Amino acid sequence: GAVVSQHPSRVICKSGTSVKIECRSLDFQATTMFWYRQFPKKSLMLMATSNEGSKATYEQGVEKDKFLINHASLTLSTLTVTSAHPEDSSFYICSARDLSGSLYNEQFFGPGTRLTVL
Amino acid sequence: AQSVAQPEDQVNVAEGNPLTVKCTYSVSGNPYLFWYVQYPNRGLQFLLKYITGDNLVKGSYGFEAEFNKSQTSFHLKKPSALVSDSALYFCASNDYKLSFGAGTTVTVRA
């Protein structure tokens, strides 16, 4: 099956620093990747949709200068949390849609990255 | 636009008993519906999906879901629950972007 990896799985950083999270599709090409944020025991909140070779589309209320998304290839998207603060602490999950997918093809999810900002 | 709702925050069942996790949907066209499961500190795992065809969809780990158009429901079911089924379950609809329900925490007691 389609596998999506995320790196790192956990990261602890000091307030004010920037953190980069990678999302890779390992055995398929993904024209579209999605970034979600999840609070404890809560649902996933879509942050942005990342299309290969173009600018990401951010959901309402998500600061694009705060959460920088780059989708430079068909297998890699990165999320950079800039000038992180404790309120940015969360579980970040990416997903990828298969290149050949139509509207209803499922997204394949990464294992998530736990960010803790001290 | 499509959306889903999960009316129960928690479901508790004894091992060996039937498990049902409820989901209702609201769509403006044909519904594309999914169920995912999440274990602690892990990503989401796909269980099953409904696109078209048979109303009863069979998925992974012995789960199935029944699409009911008249009741606009897509409940997830398992005939005999296992302790290892304890997890957070999400119903979702797909209209290019996935819209998730709030999630239902399932606890199966031994």
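As a reminder, the structure under discussion sits directly above these lines.
Position numbers for residues start from 1 in each chain and track the written sequence from start to end. Labels follow written order: the first chain is A, the first ligand is 1, and so on. For a predicted model such as this one, the threshold for reporting local features is a pLDDT of at least 70, and the threshold for listing and counting side-chain atom pairs is 80 or more; totals across whole chains, interfaces and linings nevertheless cover every residue. No hydrogens and no water enter the side-chain calculation; it runs on all heavy atoms of the structure.

### Here's the deal with the overall build of chain B
Part 1 of the reasoning: Helix and strand assignments come from DSSP, with helices taken as H or I runs of at least 4 residues and strands as E runs of at least 2, each series counted from the N terminus. Of the regular secondary structure elements, chain B holds zero helices and twelve strands.
Part 2 of the reasoning: Start at the N end of chain B and walk to the C end: the helices and strands fall as β-β-β-β-β-β-β-β-β-β-β-β.
Part 3 of the reasoning: Computed over the C-alpha atoms, the radius of gyration of chain B is 13 Å, within 12% of the 13 Å expected from 2.2 N^0.38 for a compact globule of 110 residues.
Part 4 of the reasoning: Principal-axis analysis of the C-alpha atoms places the extent of chain B at approximately 40 × 30 × 20 Å.
Part 5 of the reasoning: The contact criterion used throughout is that any non-hydrogen atoms of two residues lie within 4.5 Å. Put simply, of all contacts in chain B between residues at least 6 apart along the chain, 54% involve residues at least 24 apart.
Part 6 of the reasoning: Only the protein chains shown count as cover for residues, and all accessible areas are computed by the Shrake-Rupley method using a 1.4 Å probe. A total accessible area of about 5,200 Å² is found for chain B, and carbon and sulfur atoms account for 47% of it.
Part 7 of the reasoning: Of the charged side chains in chain B, 9 are positive and 8 negative; the average position of the first set lies 3 Å away from that of the second. Here the radius of gyration uses the C-alpha set of atoms, whereas the globule reference equals 2.2 Å times the residue count to the power 0.38. His residues and chain termini do not enter the charge count, which takes Lys and Arg as positive and Asp and Glu as negative. The atom standing in for a charge is NZ when the residue is Lys, CZ when it is Arg, CG when it is Asp and CD when it is Glu.

### Some remarks on the environment of B:Gln6
Part 1 of the reasoning: Examined against the element boundaries, B:Gln6 turns out to sit in the loop between β1 (3-5) and β2 (10-14).
Part 2 of the reasoning: Considering only alpha carbons, one finds B:Gln6 and B:Ser93, 87 residues apart in sequence, at a separation of 12 Å.

### Focus: the sheet that holds strand β3 (residues 19-25) of chain A
Two strands in a sheet stick together by hydrogen bonds in their backbones, pointing the same way (parallel) or opposite ways (antiparallel).
Residue and element names in this part refer to chain A.
Part 1 of the reasoning: For two strands to count as paired, DSSP must find a minimum of two bridges between them. As summarised here, the arrangement of the four strands in space is β1-β3-β8-β7, forming an open sheet in which the pairing is antiparallel. What marks the edges here is a single partner per strand, and that holds for β1 (4-7) and β7 (67-73). Along the sheet, successive strands turn relative to each other by an average axial angle of 15°, direction set aside.
Part 2 of the reasoning: Relative to strand β8 (residues 76-81), β7 runs antiparallel, the two being bridged by five bridges. Considered in β8, the bridge of Leu68 is made with Thr80. Think of each axis as a best-fit line through the C-alpha atoms, taken over the contacting stretch in the case of a helix, with angles from 0 to 180 degrees between the N-to-C directions.

### Observations regarding the interface of chain A and chain B
A common way to state how big an interface is: give the accessible area lost once the parts meet.
Part 1 of the reasoning: Taken together, the contacts link 24 residues of chain A with 21 residues of chain B.
Part 2 of the reasoning: By buried area we mean the combined loss of accessible area, with a 1.4 Å probe, across both parts when two parts are placed together. Here chain A and chain B share an interface that buries about 1,800 Å² over both sides, 55% of which is from carbon and sulfur atoms.
Part 3 of the reasoning: Salt bridges are identified by distance alone: a Lys or Arg side-chain nitrogen within 4 Å of an Asp or Glu carboxyl oxygen. Here chain A is connected to chain B by one salt bridge.
Part 4 of the reasoning: Residues A:Glu59 and B:Lys97 are paired through a salt bridge, measuring 3.0 Å at the closest nitrogen-oxygen approach.
Part 5 of the reasoning: Pairs of N or O atoms are called polar contacts if they sit within 3.5 Å, as long as, within protein, a hydrogen donor faces a hydrogen acceptor (for residues adjacent in sequence, only side-chain-to-side-chain pairs). The interface formed by chain A and chain B includes four residue pairs in polar contact (both at pLDDT 80 or more).

Remember that the coordinates give geometry; whether it matters functionally is a separate question.
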